[in-house]
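Here is how the chains run, residue by residue.
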Amino acid sequence: MERAQFAAFADSSSGEWEGVIATFDADGGKPQPLPERFVPNAFAEWGVVVADWQAQTSMLASAEEGTLQYRVRRMMPTVGCEADAVAWEEESQVLWAGSSGRPVLPDGSYMAGPSCLSPDDTKASVEVCLALPNVATGAGAGKRSRVRVVTHLTRHGETKVWRAARYEVSTERYDTEYRGGGQDLQLLGCHGTRTISDGAVTSEGDAEAAGSGGAAGWRVAGGHVYDLGVGGGAGSSGVPRTLAPGESPPPGLRGWGDTTRLPEGLFGRVTVPAGSTEELQIEIGAVVVAVGSGEPPREPARRRVARVMYTAAGLATFLVTDEQAPAPAPAA
């Protein structure tokens with residue numbers, strides 16, 4: 001990837017991000033409670049199920065090294081603000097070290113996953129980050145926002161077909177420049193926590209596939225395609241290509257698709273061609289303006305959708321599209 005391209009991505013993605021993490025079962029989108037060892041007994045006594053982590057992500061992208069490193073701190077749930085110090089669980093990642101393929105976009109969107117899905121693999125994880133419009137209202141008004149979703153895949157024991165097992169969702173907003181996570185870690189704990197697990201799930205219309213002929217009528221208005229070199233297609237040099245006006249995106253995989261509708265205007269879908277044990281397509285969508293929302297005259301519904309495609313040869317395509325659905329006609 002060209003250094004200038006990665007430098008733009010680094011500027012958009014690096015920093016301290018404050019957010020919420022929750023995990024949802026792919027079968028129905030049911031939120032998964034936090035492990036009991038992390039939850040104070042008082043919540044169980046009150047009959048309260050805790051399914052959200054308050055979290056801080058310290059992220060730094062290096063244009064010189066072409067890597068992305070980040071540290072996620074998940075704050076331990078507390079009862080009120082009685083804790084003298086904030087306790088947390090921590091995990092760290094370094095992406096693309098020694099790799100020539102770095103699927104990133106200048107706005108801070110990216111994907112990370114295995115280069116291929118071996119026939120011997122029974123589990124895999126693919127992460128997608130989608131940059132979203134700035135937060136419009138509330139304490140975070142004007143701040144950049146994004147969503148990171150890790151799709152955890154598993155193979156069916158008999159058919160060996162890949163399917164989604166669960167989705168780990170992180171909704172985040174930019175807080176400050178990168179400081180290595182060394183700043184005050186009070187986060188939202190004593191200022192009112194945010195949750196996403198108990199939100200209303202995305203509607204069926206908002207989660208329809210573009211061009212499927214569904215009632216919502218989603219169509220691709222623009223986007224970026226990143227061909228990771230399988231077949232030597234455009235973009236295999238490591239630079240994402242912007243779709244020209246009116247250009248259709250590369251065709252996706254057709255087959256059986258299992259859609260999981262999630263809160264926060266999100267959805268996930270894994271599509272597997274009939275009889276294939278090596279191919280799959282992951283879609284992560286984030287609705288910006290829901291179908292039919294707002295007062296007339298309504299603006300067209302809008303969303304961003306990321307697609308990650310694996311073929312028998314390995315990771316093939318990363319595609320991010322901006323999509324629209326026509327606004328309902330005004331009443332006569």
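In short, a report on the structure.

## Some remarks on the environment of Leu315
At step 1: Looking at the element boundaries, Leu315 is found in strand β15 (residues 314-325).
At step 2: Overall, Leu315 belongs to the buried group, its relative accessible area being 11%.
At step 3: It is 9.7 Å that separates the C-alpha atoms of Leu315 and Leu280, two residues lying 35 residues apart in sequence.

## A few points about unusual backbone geometry
At step 1: With a phi close to 65°, Lys160 is a non-glycine residue in the positive phi region.
At step 2: Its place among the elements puts Lys160 in the loop between β7 (145-155) and β8 (162-176).
At step 3: Classification of Lys160 by relative accessible area gives partly exposed; the value is 43%.
At step 4: The backbone of Glu264 sits at a positive phi, close to 65°, despite the residue not being glycine.
At step 5: One can find Glu264 in the loop between β11 (256-261) and β12 (266-272).

## Things to note about the packing of aromatic side chains
At step 1: If you walk through the whole model with that rule in mind, you get 8 aromatic pairs.
At step 2: Aromatic side chains Phe38 and Trp53 sit 5.3 Å apart centroid to centroid with 65° between the ring planes, which places their arrangement in the edge-to-face category. Remark: Trp53 occurs in strand β2 (residues 53-62) and Phe38 occurs in the loop between β1 (15-25) and α2 (41-45); sequence separation between them is 15 residues.
At step 3: The buried category is assigned to Phe38, whose relative accessible area is 13%.
At step 4: Ring plane angle 75° and centroid distance 6.0 Å describe the contact between Phe43 and Trp46, whose orientation is recorded as edge-to-face.

## Focus: the pattern of salt bridges
At step 1: Under the counting rule described, the total for this entry stands at 16 salt bridges.
At step 2: The salt bridge involving Arg71 is made with Glu90; its shortest N-O contact spans 3.8 Å. Here Arg71 is found in strand β3 (residues 67-75), whereas its partner Glu90 is found in strand β4 (residues 88-95), with 19 residues between them in sequence.
At step 3: Given the relative accessible area of 41%, Glu90 is considered partly exposed.
At step 4: For Glu323, the salt bridge is made with Arg307, and the minimal N-O distance between the two is 3.0 Å. Taken together, the residues span a long stretch of sequence, with Glu323 in strand β15 and Arg307 in strand β14 (residues 301-311) at a distance of 16 residues. Each of the two residues, Glu323 as well as Arg307, counts as buried.
At step 5: Salt bridges sharing common partners tie together Arg269, Glu283, Arg303, Arg307 and Glu323.

## Some remarks on the sheet that holds β14
At step 1: Ordered by their spatial adjacency, 7 strands build an open sheet running β10-β9-β15-β14-β13-β12-β11, and the pairing between neighbours is antiparallel. In this open sheet, the two edge strands, each paired with only one partner strand, are β10 (241-242) and β11.
At step 2: Relative to β15, strand β9 (residues 219-227) runs antiparallel, the two being bridged by 8 bridges. Residue pairing for β15: Gly222 is matched across the bridge by Asp322.

## Describing the pairing of β12
At step 1: Counted residue by residue, β12 has 7 buried out of 7 residues, so it is predominantly covered.
At step 2: A two-sided burial pattern is seen for β12, the buried positions comprising Leu266, Gly268, Val270 and Val272 on one face and Phe267, Arg269 and Thr271 on the other.
At step 3: Bridge count for β11 against β12 is 6 bridges, and the pairing is antiparallel. Bridging across to β12, Asp258 finds its partner in Val270.

Rules used throughout
- Residues numbered from 1 in each chain as written.
- Predicted model: local features only at pLDDT ≥ 70, side-chain atom pairs only at ≥ 80, totals over all residues.
- Heavy atoms only, no water.
- Helix = DSSP H or I, 4+ residues; strand = E, 2+ residues; numbered from the N terminus.
- Buried < 20%, exposed > 50% of the residue type's maximum accessible area, 1.4 Å probe, protein only.
- Phe/Tyr/Trp six-rings, centres within 6.5 Å; stacked < 30°, edge-to-face > 60°.
- Salt bridge = Lys/Arg side-chain N within 4 Å of Asp/Glu carboxyl O.
- Pairing = 2+ DSSP bridges.

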